Amino acid sequence: MRTNLKISGLNFDITWKDKERNFHSIEQQFQDISADLVVLPEMFSTGFYMNAAEIADRNEETLKWMKNFAAKRNSAVCGSASVSHNGSFVNRFYFVKPDGNYQFYDKRHLFTYSGEDHSYSKGKERVIVEYKGWRILLQVCYDLRFPVFSRNNDDYDAVIYVANWPETRIDAWTTLLKARAIENQSYVFGLNRIGTDGNNLNYPESSYCFFADGSIISETENHFVSAEFNSDELKKYRGRFQFLDDRDSFEIF
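First, a word on what this report is: a plain description of the structure on this page.

## Quick look at the pairing of strand β3 (residues 76-85)
Strand residues, when the strand is regular, have side chains that alternate between the two faces of the sheet.
Thinking step 1. Of all 10 residues in β3, 8 are buried; the element is thus mostly enclosed.
Thinking step 2. Sheet analysis places strand β2 (residues 37-39) next to β3, joined by 3 bridges and oriented parallel. Bridge assignment links leucine 37 to a residue of β3, and that residue is alanine 76.
Thinking step 3. Counting the residues in the hairpin turn of β3 and strand β4 (residues 88-96) gives 2 residues, including asparagine 86, whose phi is positive at 50°.

## Remarks on the sheet that holds strand β1 (residues 4-10)
What links the strands of a sheet is backbone hydrogen bonding, and the strands pair in either a parallel or an antiparallel sense.
Thinking step 1. Taken together, 7 strands build an open sheet; the order of strands is β5-β4-β3-β2-β1-β14-β13 and the sheet is mixed. Strands at the two margins of the open sheet, each flanked by one partner only, are β5 (102-106) and β13 (219-221). The average undirected angle you get between the axes of adjacent strands in this sheet is 30°.
Thinking step 2. In this structure, β3 lies alongside β4, joined through 9 bridges in antiparallel fashion. Residue pairing across strands places alanine 81 opposite arginine 92, the latter belonging to β4.

## Details of helix α6 (residues 231-240)
Thinking step 1. Restricting attention to buried positions, one finds in α6 the residues Ser231, Leu234, Tyr237 and Arg238. Down the axis, α6 shows its buried residues gathered within 130° of arc, on one side only. Pointing more than 90 degrees away from the buried face of α6 are the exposed residues Lys236 and Arg240.
Thinking step 2. Where α6 begins, the capping side chain belongs to asparagine 230, and its oxygen is found 3.0 Å from the backbone nitrogen of aspartate 232.

## Observations regarding the environment of glutamate 183
Thinking step 1. By the secondary structure assignment, glutamate 183 is in helix α5 (residues 170-184).
Thinking step 2. The spacing of glutamate 183 and glutamate 116 is 67 residues in sequence and 28 Å in space, taken between C-alpha atoms.
Thinking step 3. The contacts of glutamate 183, once residues within four sequence positions are left out, are Pro147, Arg151 and Leu244.
Thinking step 4. Within the structure, the side chain of glutamate 183 is placed 2.4 Å from the side chain of arginine 180, a separation counted as a polar contact.

## What to know about the packing of helix α1 (residues 19-29) against helix α3 (residues 61-73)
Thinking step 1. Relative orientation of the contacting elements α1 and α3 amounts to 15°, with a least axis distance of 11 Å. Between α1 and α3, the angle is such that the two are roughly parallel. Here α1 and α3 pass one another in a crossing that is right-handed. In this structure, α1 uses Lys19, Phe23, Ile26 and Glu27 to contact α3, whose residues at the interface are Glu61, Thr62, Trp65 and Phe69.

## So, the packing of aromatic side chains
Thinking step 1. A complete count under the given rule lists 22 aromatic pairs for this structure.
Thinking step 2. Measuring from ring centre to ring centre gives 5.6 Å for phenylalanine 211 and tyrosine 237, while their planes differ by 65°; the resulting arrangement is edge-to-face. Pair noted here: phenylalanine 211 is in the loop between β12 (208-210) and β13 and tyrosine 237 is in helix α6, with a separation of 26 residues, a long-range link. For the pair formed by phenylalanine 211 and tyrosine 237, the shared burial category is buried.
Thinking step 3. A connected cluster of aromatic rings, assembled from ring pairs, spans Trp134, Tyr187, Phe211, Phe229, Tyr237, Phe241 and Phe243.
Thinking step 4. Its end group placed over the ring of phenylalanine 104, arginine 92 keeps NZ or CZ at 3.8 Å from the ring centre.

The rules we used
- Here the residue numbering is sequential within each chain, running from 1 through the sequence in written order.
- Given that the model is predicted, a residue must reach a pLDDT of at least 70 before its local features are reported, and side-chain atom pairs must reach 80 or more before they are shown or counted; all residues, however, enter totals for whole chains, interfaces and linings.
- The basis for every side-chain value is the complete set of heavy atoms in the structure, and neither hydrogens nor water enter the calculation.
- Using a 1.4 Å probe on the protein chains alone, a residue whose accessible area is under 20% of its type maximum counts as buried, one over 50% counts as exposed, and one in between counts as partly exposed.
- The helix count covers DSSP runs of H or I at least four residues long, the strand count covers runs of E at least two residues long, and both are numbered beginning at the N terminus.
- Should DSSP find at least two bridges between two strands, the strands are taken to pair.
- Only the stretch in contact is used when fitting a helix axis, every axis being a line fitted to C-alpha atoms; angles between N-to-C directions are given from 0 to 180 degrees.
- In this description, the arc belongs to the directions extending from the helix axis to the C-beta atoms.
- Pairs of N or O atoms within 3.5 Å make up the polar contacts considered here, provided that, within protein, one atom can donate a hydrogen while the other can accept it, and that residues adjacent in sequence are counted only when both atoms are side-chain atoms.
- By definition in these notes, contact holds between two residues if any of their heavy atoms fall within 4.5 Å.
- By definition in this entry, angles of less than 35 degrees are roughly parallel, angles greater than 145 are roughly antiparallel, angles of 65 to 115 are roughly perpendicular, and the rest are oblique.
- Here a crossing is taken to be left-handed if its near helix is turned anticlockwise relative to the far helix by less than a right angle, and right-handed if that turn runs clockwise.
- The rule is short: rings of Phe, Tyr and Trp, with Trp giving its six-membered ring, pair when the centres are within 6.5 Å, and they are stacked under 30 degrees, edge-to-face over 60, tilted in between.
- Both a distance and an angle decide whether a charge sits over a ring: NZ of Lys or CZ of Arg must be within 6 Å of the ring centre and within 35 degrees of the ring normal.

Structure (structure tokens):
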């Protein structure tokens, strides 16, 4: 495992339903930012829009852009998009490496309050990617409210949550991110969007990285939230407080 992993996320004001404009804006904003891993919000190319048939990628538009972006920067990039798949639609969280290899996680917990379950099909697989020796669990927005699904079975070192989590419920977002870090003894990087979407929902700057003890280790400047994972610090903390050894065993169906 590489000892240090530098992460940079963009608190992005997504332009409603305009992929090309969002791609261009991200490229411009990242011109002077260096990181091992770039994190982008949930549905960063369109905004969290429930008419999937109107906005969904049918020719891997977002994935192609991410591959090009990762290659040019020589860094990994991750974020979710609306994608057409096997006759239905999914909220797909891509993790793309600089060499073009990628993995994806389809959002399991669909936000019924917004009707996401009527437009999208839920994913079935829990996905952990490995990057530079780090094991990273991929999660999307509403997944945050379901701790059983993110339970650390000693199989990951960090969790990344990407979201469109509005201001009206922002305290829950911050509280649960911290809780996931503490209970799973892992780094938790939560990236939210900012601005106002097409549904007139407001999103404050509310992206953070928590260490395994619940402390905030990220810094935010000019809409970028940055943090550095350190494997030595994580191993030391887990070795001192071996809480994960006392976890309950269960299966998810």
